[in-house]
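# Architecture and fold: a report
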Amino acid sequence: RITDGDLDTSWFTTPGDAVNLGGSPFFEAEFGVDVTVTEIQMFGNRESPDGFDFFSGIFQLFDKDGGEVFNSGDLSLPAPERDIVISVPSVDLVRRIRFTATADESDQPGFAELKVMGSAVVRLFKHKTNIELTRFARFRTSASSIKDEANAHTLYDDENAIDQRFLTNWLSED
């Protein structure tokens, strides 16, 4: 749901996984190859637009060894939609992106879409620039929720955060 291209779908944490309740909700995507990141776009929750927002957070990029290569610092997600576009100074050799919430509301905050823009070698070893990496580069996801295999493809499934549809949501689980 977070990379499904549909702003009407959202990813939510599981009930209780919220900063305002002492939690540390996060979402991350790990690329299967080194990518160059030039921009991060996050779109706020539209599925349940009132009372389930992240207010701020930190965006980080990591290399294949887990070393941090970019840190946005704590950024406010501006009302009313909570959308943000972060210019990144063309960071190379990125393998993982992580959003960690620092302020939110409700016991189950969420957001609609995460896009990572940049360049990578994709399909048949062709180098592509200025592409949406979360659509064209191989990656996997993880989140502060625990994936429940018995309820796969539910709102708690972290893959809902990147399914290219804005109308789906991700919810974390306790």
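Scroll up to find the structure this text is about.
Let me begin by describing the structure that accompanies this report.

Cut-offs and rules
Residues numbered from 1 in each chain as written. Predicted model: local features only at pLDDT ≥ 70, side-chain atom pairs only at ≥ 80, totals over all residues. Heavy atoms only, no water. Helix = DSSP H or I, 4+ residues; strand = E, 2+ residues; numbered from the N terminus. Buried < 20%, exposed > 50% of the residue type's maximum accessible area, 1.4 Å probe, protein only. Contact = heavy atoms within 4.5 Å. Areas by Shrake-Rupley, 256 points an atom, 1.4 Å probe, with all protein chains shown as cover. Phe/Tyr/Trp six-rings, centres within 6.5 Å; stacked < 30°, edge-to-face > 60°. Lys NZ or Arg CZ within 6 Å of the ring centre and 35° of its normal. Salt bridge = Lys/Arg side-chain N within 4 Å of Asp/Glu carboxyl O. Pairing = 2+ DSSP bridges.

Further remarks concern the overall build of the chain. Across its full length, the chain holds 1 helix and 8 strands. Taken across its 174 residues, the chain has 49% of its residues classed as buried. The long-range fraction of contacts in the chain, counting pairs at least 24 apart against all pairs at least 6 apart in sequence, stands at 75%. If you sum the accessible surface of the chain, you get close to 7,800 Å²; carbon and sulfur atoms cover 49% of it.

Further remarks concern the packing of aromatic side chains. With the rule as written, the count across this model stands at 9 aromatic pairs. Judged by centre distance (5.7 Å) and plane angle (65°), the rings of W11 and F27 are edge-to-face. One end of the pair, W11, is in strand β1 (residues 11-12); the other, F27, is in strand β2 (residues 26-44), with 16 residues separating them in the sequence. Across the pair, exposure class does not vary: W11 and F27 are buried alike. Measuring from centroid to centroid gives 6.2 Å for F27 and F111, while their planes differ by 80°, and the two rings are edge-to-face. Separated by 84 residues along the polypeptide, F27 in strand β2 and F111 in strand β6 (residues 110-122) bring together distant segments of the chain. Among the aromatic residues, ring-to-ring pairing joins W11, F27, F54, F59, F99 and F111 into one connected group. Sitting over the face of the ring of F62, R96 holds its NZ or CZ atom 4.0 Å from the ring centroid. Over the aromatic face of F26 sits the side chain of R98, whose NZ or CZ is 3.7 Å from the ring centroid.

This next bit is on the pattern of salt bridges. Counting across every chain of the model gives 5 salt bridges. R46 serves as the salt-bridge partner of D83, at 2.6 Å between the closest nitrogen and oxygen. Remark: R46 occurs in the loop between β2 and β3 (54-62) and D83 occurs in the loop between β4 (68-76) and β5 (84-104); sequence separation between them is 37 residues. Judged by its relative accessible area of 24%, D83 falls in the partly exposed class. Residues joined in a network through salt bridges with shared partners are E28, R96 and R98.

A regular strand carries its side chains on alternate faces of the sheet. When β2 meets β5, the two strands line up antiparallel, connected through 11 bridges. Across the sheet, V35 pairs through a bridge with V94, a residue of β5. Sheet analysis places β3 next to β5, joined by 8 bridges and oriented antiparallel. The residue bridging F62 from the neighbouring strand is R96, located in β5.

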